[in-house]
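Residues per chain are reported as follows:
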Amino acid sequence: MFKKILLLLFILILGVIALGKQIIYADGTLSEDTVIVVKKGSSSAQVANELYKARVINYPNLFKIAARLQKLDRKLKAGEYAFQAKISMIDVLDKMKRGEVMYRQITFPEGLTSLQMVEIINNNEFLEGEISEIPTEGSLLPETYTFMRGDSREKLIKDMQHAMKKALKNVWDNNDIKSPVKNVEELLILASIIEKETGMPEERSLVASVFANRLRRGMRLQTDPTVIYAITNGKFELERTLTRKDLQIKSPYNTYINYGLPPTPICNPGKASLQAAAQPEMTDYLYFVASGNGGHNFAKSLNQHNKNVKKWKKIKNKSL
């Protein structure tokens, strides 16, 4: 009799295991793709309850048992998990065991000041923590960065600073520097001016050639973005055109009255502008002015430049 009971129990256990296995591998009833946030320190029991509430799984107790058997508590990675409709419980377990969290992206356009970049970071709802101080101008590389929900804002800042240092080193170490800059600091400053002067990729090396030629000849750079930075200090947009009075502002950033480069970068330049600053086009250009079609007209002499300026003024007046 005792043996019969044991046999029945054994058969029952096998049946339960078979049923559990069938449930685990079967398609789930989740009707649409869903994202679940797993907080740091969550246990498999807490996760099971969250998954059940979101209807990702229908048998939380079975999930807890399977999770414990796979020692998921020790391997559970915090973050966002994306589950597709009808996902099976075994696939849920595998995804979480692998720590297959969802990554988000944040993109920074070239030419923003450090303050503007910090504002973008602070406005991102998926990042946490506060930024203790505004990073130095030019220390953040504008790129697209990936992060997990809950990552700290300070960590992203450090990643951006590391990326800029790496990009600068790569340009400086792997190029025959044709620019008159003396070090990576000057390269960064020149690149920031190039970045603010043109948004057209094909023009960057030409704009760089003008500044390189002026530096070699001991001419003032006379570039408007440096005057704008002298007025705003990178804290706001100057929503007006520069005046003659502006060009006489006493500031180390004003390249209309000072020779050489300004003391610091005026924005955070991208890799293309760093490259252009290192290897400007070999030209005789000393001047450039807006062409009216989004680009610039370049000139070797002041006489030709003045003609280009007249053309630009005519185009500008027609648009008013």
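What you are looking at is a predicted structure, and each value in this text was computed from that prediction instead of being measured. (Residues numbered from 1 in each chain as written. Predicted model: local features only at pLDDT ≥ 70, side-chain atom pairs only at ≥ 80, totals over all residues. Heavy atoms only, no water.)

A short note on the pattern of salt bridges
Taken as a whole, this structure holds ten salt bridges when the rule is applied. The salt bridge involving glutamate 100 is made with lysine 95; its shortest N-O contact spans 3.0 Å. What makes glutamate 100 partly exposed here is its relative accessible area of 36%. Overall, the relative accessible area of 11% leaves lysine 95 in the buried class. One salt bridge in this structure joins aspartate 246 and arginine 240, with 2.7 Å as the shortest N-O distance. With relative accessibility at 8%, the residue aspartate 246 sits in the buried group. (Salt bridge = Lys/Arg side-chain N within 4 Å of Asp/Glu carboxyl O. Buried < 20%, exposed > 50% of the residue type's maximum accessible area, 1.4 Å probe, protein only.)

Structural notes on the pairing of strand S6 (residues 296–299)
Of the strand pairs in this sheet, strand S5 (residues 287–290) and S6 are connected by four bridges, and their pairing is antiparallel. Within the sheet, the bridge partner assigned to valine 289 lies in S6 and is asparagine 297. Where S5 folds back on S6, the antiparallel hairpin that results is connected by five residues, among which glycine 292 adopts a positive phi of roughly 100°. (Pairing = 2+ DSSP bridges. Helix = DSSP H or I, 4+ residues; strand = E, 2+ residues; numbered from the N terminus.)

With respect to the packing of aromatic side chains
With the rule as written, the count across this model stands at six aromatic pairs. Note on phenylalanine 288 and phenylalanine 298: the rings are 5.7 Å apart at their centroids and 40° apart in plane angle, and the pair reads as tilted. Residue phenylalanine 288 is located in strand S5, and its partner phenylalanine 298 is located in strand S6; the two are separated by ten residues in the primary sequence. Here phenylalanine 288 matches phenylalanine 298 in class, with each residue buried. Ring-pair connections join several aromatic residues into one group, and the members of that group are Phe211, Tyr285, Phe288 and Phe298. Over the ring of phenylalanine 126 we find arginine 104, and its NZ or CZ is 3.6 Å from the ring centre. (Phe/Tyr/Trp six-rings, centres within 6.5 Å; stacked < 30°, edge-to-face > 60°. Lys NZ or Arg CZ within 6 Å of the ring centre and 35° of its normal.)

So far we have only geometry, and geometry alone does not tell us how the molecule works.
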